[in-house]
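In case you want the letters, here they are:
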Amino acid sequence: AVNLAADLSTVDTLNISGTNTVTVLDSAEFTAGVTSVALSGTAVLSLTAADAVLLSTVTGAGAGNLVTVTELDNTLTANLSNINAGVSLTAQGSVTTGDAVVLAADLSTVDALEFIMSGTGTLAITGSTIGAATTIALTDADPSTGAVFTLSAAQAAGKTVTGTGN
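Throughout what follows, the structure given in this document is the object of discussion.

Thresholds, definitions, all that
- Residues numbered from 1 in each chain as written.
- Predicted model: local features only at pLDDT ≥ 70, side-chain atom pairs only at ≥ 80, totals over all residues.
- Heavy atoms only, no water.
- Helix = DSSP H or I, 4+ residues; strand = E, 2+ residues; numbered from the N terminus.
- Rg over C-alpha atoms; globule rule 2.2 N^0.38 Å.
- Buried < 20%, exposed > 50% of the residue type's maximum accessible area, 1.4 Å probe, protein only.
- Contact = heavy atoms within 4.5 Å.
- Core = buried A, V, L, I, M, F, W, Y, C linked by side-chain atoms within 4.5 Å.
- Pairing = 2+ DSSP bridges.
- Axes fitted to C-alpha atoms, helices over the stretch in contact; angles between N-to-C directions.
- Lys, Arg positive; Asp, Glu negative; His and termini not counted.
- Salt bridge = Lys/Arg side-chain N within 4 Å of Asp/Glu carboxyl O.

### Here we look at the overall build of the protein
What the protein contains, in helices and strands, is two helices and 16 strands. For the protein, the C-alpha radius of gyration of 16 Å lies close to 15 Å, the compact-globule estimate for 166 residues. With the principal axes as the frame, the protein shows a C-alpha extent of 45 × 30 × 25 Å. Each of the 166 residues in the protein was classed as buried or not, and the buried ones make up 39%. For the protein, the share of sequence-separated contacts (at least 6 apart) that also reach a separation of at least 24 residues comes to 39%.

Spelled out as structure tokens, the structure:
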């Protein structure tokens, strides 16, 4: 695994190859719309939603190219459509007691949406664009408290929604 904490604000293209996972740390810096990321081999990229929205594009050339976007609950309007060709994209977030997360993100290129729910928090996917093949997995860390998830009928059409602990 490689942790990336550099100032990449003037980097046009970041090529990541091989078999490692590259994790973009909070101290890494991007300028909106400047840096593109190209994955090859079975390279894996992990970064927060706040960083993901700053990238111009993320593409992959290998069958095993994975991108994990974390902390989606902190960037509710994240446009992840810039992460596209040749990658498997998972977006993750969490909801805890007292949270009322209303997700209005562009998830049109997301393959899997994963949320950990705990306490009495709520997750509503309202203005989001969700890809036709997106699966949604919810994990209720404390099923006795009654976390709530809502999704419109139009957004739910054709989706696989799974849950554990609920």
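### A word on the environment of Leu47
Of note, Leu47 is situated in strand E5 (residues 44-48). Sequence separation of Leu47 and Ser144 is 97 residues, and the distance between their C-alpha atoms is 32 Å.

### Section: the nonpolar core
Among the nonpolar cores identified, the biggest contains 40 residues, and Leu45, Val67, Leu72 and Leu80 are the most heavily contacted of them. When near neighbours in sequence (up to four residues on either side) are disregarded, Leu80 contacts Ala52, Val69, Leu72, Leu89, Ala91, Asp106, Leu107, Thr109 and Val110.

### Section: the sheet that holds strand E4 (residues 36-39)
Each strand in a sheet pairs with its neighbour through backbone hydrogen bonds, running either in the same direction (parallel) or in the opposite one (antiparallel). If you trace the three strands from one edge of the open sheet to the other, you get E2-E4-E6, paired in parallel fashion. The open sheet has two edge strands, strand E2 (13-16) and strand E6 (57-60), and neither has a second partner. Here the strands of the sheet are splayed against their neighbours by 15° on average, with no regard to which way each runs.

### Observations concerning the side chain of Asp51
Here Asp51 shows up in helix H1 (residues 49-52). Within the buried set, Asp51 has no salt-bridge partner at all; the shortest N-O distance to an opposite charge, 27 Å, is to Lys159.

### Observations regarding unusual backbone geometry
Notably, Glu71 is not glycine yet its phi reads approximately 55°, a positive angle. With respect to the helices and strands, the residue Glu71 is situated in the loop between strand E7 (66-70) and strand E8 (88-95).

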